[in-house]
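# Structural characterization, general
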Amino acid sequence: MSLYSSRRRTNVLATALCWTGTIFGLAWLVLILGALIYEGARGLTPAVFTEMTPPPGATGGLLNAIAGSLVMTTIGVLLGTPLGMLAGTYMAEYGRYSKLTMVVRFINDILLSAPSIVVGLFVYTVVVAQVGHFSGIAGALALGVLVVPVVVRTTEDMLLLVPSPLREAAAALGLPRSHMLMRVAYRAAKSGIVTGVLLAIARVSGETAPLLFTSLNNQFWSTDLNAPVSSLPVVIFQFALSPYKDWQQLAWTGALLVTIAVLLLSITARALSSQGKHK
Amino acid sequence: MEAGFNRQTRDNSVSDLAIIEAPPRAAEVDRGKVLGRMALFDFIFHNLTRASAVLVLLILGGVIFSLIYGSLPAIQAFGFGFLTTESWNPVTEKFGAVAPIYGTLVTSTIAMVIAVPLGLGIAIFLTELCPHALRRPIGVAIELLAGIPSIIYGIWGLFVLAPFLQQHVQPALISLTGDIPVLSSLFAGPPYGIGMLTAGFILAIMVLPFITSISRDVFDTVPPVLKEAASGVGCTTWEVMRYVVIPYTRVGVIGGVMLGLGRALGETMAVTFVIGNAHRVSSSLLAPGTTISATIANEFTEAVGDLYTSALIELGLILFVITFFVLAAARFMLMRIEQKSGA
């Protein structure tokens, strides 16, 4: 009987620990979001969206940083998505069982979780050091490199989910393989691939490390992508570590904006993919 | 969606057939042309996709090559001494990687010590204990934690967590362990707030969702029959987990943990905020330190001179090599569990 009760005690204890752990884990999410909303919302004024980043001691906004982030993320995604989709297509369709696919899949999974700061160093040596100055283009390239593995992964996974009879039916009608892909396979996998792209955008829009020494920062409005460009994450980094209260407040507000954008993107992506699953 | 989708594809295939078969009279030439164009497009598309796949490989090759190329001056100047020297002095241009490597390993270890049991606990909770209605929301919440950019963890760690640890947790740790031989040196010195312990804490919060979601996925690969059989002979929920589920999924769980470790080793921004950026090896976890990624993030744009830059790039190379092997091992293990569940 004592064996039974000790087993039961262990069970109750372990179960209780799992409950506590989960509550503990969720508490972080609440604490972080709570602090972010509390601190960030205080500085959320129209000036944030209409004025440039200020010098120390002055008031200002984050307009140039927001614009820089949007532009570089857009270019990065436009560069990375086609490359990722094409490579994913090869892996799922043309070379499903080839050696190349196995190698690329392995390498891609590593790139997927490789430290993003290393990508920054890569772009620095290849672009910045050769050209001789920091530039928005280099920043966009670094983000593009980070987009690729996410898109490769989801494109391949989603194309693999497309049932083969669909492809066979298209082939039986005499469609060449590339037409079958465009007209049948991509359409069937559409919501999954869009999800992947959204997740990739969510991932790069908060990236700071690869931008630190590619696009650097710029205190002023700049549309010249061949010059340093400001971005929201880099501004947050710089302002948060500064001793000035105004700058720290702007950093919190910027952090709130980035988080809202990222969470909206990932929730949309999730909703899209679960919609695809249910039907 | 299924119905609409089928209709669409049918419409398209029909219209394609129409293109191919439509002109019945001037047919042969046109048909040959269209087919030729299709074949050409097919050829181009096939090779385009293959070239893209190769390009992904080349990117990784480019990363490795550029890091080696960039660190050549430092490698020539310091040789293997780089890995055994502690001093990091930009003025005299003497650089050694011991302090950053030490900091990286210590903070990652702290992170794993906290995050592994916690992550497994949450995964067990989600697969076995959680009421069905809560399963999805909690899973989503944990994954949202994974989606938050690292800079957010950094700013939160700097302004919220570090002061809290400094005022409430670290003094208690210091006085509690003051008389215990080994622990007292681990928790020695004044409570700075920022330092290796705080960085490890932040890292733990960051890798927790990765470990949780992968463990949950591999726990789900256990055939229900096994669990039912164990419950059938009278095992408690915990015993089912401990003696059936975890042994069955051990490789996958280790893979997930390694993946989390890979993240922790390379994580930059969150650590940079709270580590304190001090180039020294200190036995106290409360002392400020530095990690490889934090050193690069803090100093790269300010580095003057080729040797300084090159030393920082060599740090990046070391980081990349370490994470490459950790991640490769993780992938290898996860591949094995996938094969197992597929078979």
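Report follows, based on the coordinates.

How each quantity is defined
- Residues numbered from 1 in each chain as written.
- Chains lettered and ligands numbered in written order.
- Predicted model: local features only at pLDDT ≥ 70, side-chain atom pairs only at ≥ 80, totals over all residues.
- Heavy atoms only, no water.
- Helix = DSSP H or I, 4+ residues; strand = E, 2+ residues; numbered from the N terminus.
- Rg over C-alpha atoms; globule rule 2.2 N^0.38 Å.
- Buried < 20%, exposed > 50% of the residue type's maximum accessible area, 1.4 Å probe, protein only.
- Core = buried A, V, L, I, M, F, W, Y, C linked by side-chain atoms within 4.5 Å.
- Contact = heavy atoms within 4.5 Å.
- Buried area = accessible area lost by both parts, 1.4 Å probe.
- Salt bridge = Lys/Arg side-chain N within 4 Å of Asp/Glu carboxyl O.
- Arc of directions from axis to C-beta.

### So, the overall build of chain A
Per the secondary structure count, chain A includes 12 helices and zero strands. Secondary structure elements of chain A, listed N to C terminal, follow the sequence α-α-α-α-α-α-α-α-α-α-α-α. Taking 19 Å as the expected radius of gyration for a compact globule of 279 residues, we find that chain A reaches 23 Å, considerably beyond that expectation. For chain A, the spread of C-alpha atoms along the principal axes amounts to about 70 × 70 × 35 Å. Per-residue burial for chain A yields a buried fraction of 54% across its 279 residues.

### Some details on the nonpolar core
Formed by 181 residues in total, the largest nonpolar core has its most connected members in B:Phe82, B:Tyr153 and B:Phe219. Per-element accounting of this core gives the leading share, 15 residues, to helix H13 (residues 306-342) of chain B. In this structure B:Tyr153 touches A:Ile32, B:Leu145, B:Ile148, B:Ile202, B:Ile205, B:Met206 and B:Ala270, once residues within four positions along its chain are discounted.

### Comments concerning the interface of chain A and chain B
Contacts between the two partners involve 87 residues from chain A and, on the opposite side, 90 residues from chain B. Roughly 8100 Å² is buried in total at the junction of chain A and chain B, and carbon and sulfur atoms are behind 80% of that figure. Remark: the boundary between chain A and chain B carries three salt bridges. Here B:Glu143 and A:Arg270 are joined by a salt bridge, their closest N and O atoms 2.9 Å apart.

### Here we look at the environment of B:Ala141
Secondary-structure assignment places B:Ala141 in helix H4 (residues 132-147). Relative accessible area serves as the criterion here: at 16%, B:Ala141 is assigned to the buried category. Among all residues touching B:Ala141, those that are not within four sequence positions of it are A:Leu26 and A:Leu29.

### A look at helix H7 (residues 164-172) of chain A
Residues and elements named next belong to chain A. For H7, the full list of buried residues reads Leu166, Arg167 and Ala170. Seen along its axis, H7 keeps its buried residues to an arc of 95 degrees; they face one direction. Relative to its buried face, H7 has exposed residues pointing more than 90 degrees away, namely Pro165, Glu168 and Ala172. Positive phi appears at Gly174, one or two residues downstream of H7, with a value of about 95 degrees.

### What to know about the pattern of salt bridges
Across all of its chains, the model carries 12 salt bridges over all chains by this definition. Between A:Arg7 and B:Glu239 there is a salt bridge, and its shortest N-O distance comes to 2.7 Å. With A:Arg7 in helix H1 (residues 2-42) and B:Glu239 in helix H9 (residues 237-248), this pair bridges two chains. On the basis of relative accessibility, which here comes to 25%, the residue A:Arg7 falls in the partly exposed class. Judged by relative accessible area, B:Glu239 falls into the buried class, the value being 11%. A salt bridge links A:Glu39 to A:Arg42, with the shortest nitrogen-to-oxygen separation between them at 2.6 Å.

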